[in-house]
Amino acid sequence: MGSRFDITIVAKDIPTAEAYIDSSIIEISRIENLISDWIPESQVSQINKFAGIKPVKVDRELLELTQRALYFSELTDGAFDISFAAADRVWKFDGSMDTIPSPEAVAESVKKIGHRNIIINEEEATIFLKLPGMKIGFGATGKGYAADKTKELMVSKGIEAGIINASGDLNTWGKQPNGDNWIIGITNPIKEDELFAAYELSGTAVVTSGNYQKFVMIDGKRYSHIIDPRTGYPSSGLSSVTVFADSAEKANGISTAIMVLGKKAGLKLLKKNPDLKGILIDDNGRIFYSKKFNIKEYKL
């Protein structure tokens, strides 16, 4: 998936742990072969290949993953959209861009984006993209899903505790060998070499989305790599969003969307969904918590 996976499990000895970690790697590879849009033979690549032409029959697993992505789109008023994969990359974050794209170029870049043009036939188990050239991709939720499925596999094999870290998409279960919960550090987006806080987790997933590692500065203004799929313009106002949820897939989808939605709409979204908790940090370093968030649970 082009991402680093760190797998930590509690086992009786090193050989046992290594065997289970090997099983985890196999599971992650299986998911990559299912959802990658870089592997020509994958089902996602086939969906994209036949956009505007015909529906593609897919595994139930991919169908349900897509259905959940569409749910995130509806929940966030389109701030999250897996059809963003079709966007023209008019914003460059490799140091090569020194002027912002024209309004015309930005408008053109998002013409083939639109989650309502993703048609699912549950009975036939098919996915159809209505527009020629349309694409879907699971860059935002795929890593989290892989972390969730790997955790599920380990639990099914009797592993009582561990952490799956898919490049920052974390899911945890059980406790450390000494009986303590796992402790997860959250980076301070204003000072990246410092932790904003450390949080105890057990059985919870957490994901942080931010603009502090990948961005471009033009005329003194920071432009984030997180793009609003509805407008084609970079998100602004928030430096970091951390979401706690029951799955890393959900936490990533929601944290990405809140970066786009901004503070006011993001906090409103968290308030309407009590199964989610969140921490928002704006570009000025101010910190906002979702309703009923217990800051006393933090350990600094």
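Going by the structure above, here's the rest.
Because the structure is a prediction, the values reported are computed rather than measured. (Residues numbered from 1 in each chain as written. Predicted model: local features only at pLDDT ≥ 70, side-chain atom pairs only at ≥ 80, totals over all residues. Heavy atoms only, no water.)

Undergrad: Could you clarify how one ought to interpret the side chain of Lys 151 in this entry?
TA: The residue Lys 151 is located in helix α5 (residues 142-156) in this model. Despite its burial, Lys 151 remains without a salt bridge, the nearest opposite charge being carried by Asp 148 at 6.7 Å. Among the polar contacts listed, one links the side chain of Lys 151 to the backbone oxygen of Thr 172, at a separation of 3.0 Å. Contact partners of Lys 151, with chain neighbours within four places excluded, come to Ile 164, Asn 171, Thr 172, Trp 173 and Gly 203. (Helix = DSSP H or I, 4+ residues; strand = E, 2+ residues; numbered from the N terminus. Buried < 20%, exposed > 50% of the residue type's maximum accessible area, 1.4 Å probe, protein only. Lys, Arg positive; Asp, Glu negative; His and termini not counted. Salt bridge = Lys/Arg side-chain N within 4 Å of Asp/Glu carboxyl O. Polar contact = N/O pair within 3.5 Å; in protein donor to acceptor, adjacent residues only side chain to side chain. Contact = heavy atoms within 4.5 Å.)

Undergrad: Help me out: how do you make sense of unusual backbone geometry in this one?
TA: Negative phi characterises most residues that are not glycine, and trans characterises most peptide bonds. Here the phi dihedral of Ser 167 falls at roughly 50°; this positive angle occurs in a residue that is not glycine. Mapped onto the elements of the fold, Ser 167 is located in the loop between β5 (162-166) and β6 (169-173). On the accessibility criterion, Ser 167 (40% relative accessible area) is partly exposed. Phi is positive for Asp 219, which is not a glycine, with a value near 55°. Relative to the helices and strands, Asp 219 is located in the loop between β10 (215-218) and β11 (221-224).

Undergrad: Is there a simple way to think about the packing of aromatic side chains in this case?
TA: Each aromatic ring pair is characterised by the separation of its centres together with the angle its planes make. Counted by the stated rule, this structure contains five aromatic pairs. Arranged with centres 5.9 Å apart and planes meeting at 80°, the rings of Phe 72 and Phe 80 form a pair that is edge-to-face. For the residue pair Phe 72 and Phe 80, the accessibility class agrees, reading buried in each case. Centroid distance Tyr 199 to Phe 244: 4.5 Å. Interplanar angle 45°. Geometry classified as tilted. In this pair, Tyr 199 sits in strand β8 (residues 195-201) while Phe 244 sits in strand β12 (residues 238-245), placing the two residues 45 residues apart along the sequence. Residue Phe 244 is classed as buried on the basis of its relative accessible area, which comes to 3%. Counting every residue linked through ring pairs, the aromatic cluster contains Tyr 71, Phe 72 and Phe 80. (Phe/Tyr/Trp six-rings, centres within 6.5 Å; stacked < 30°, edge-to-face > 60°.)

That's the geometry; what it means functionally is another story.
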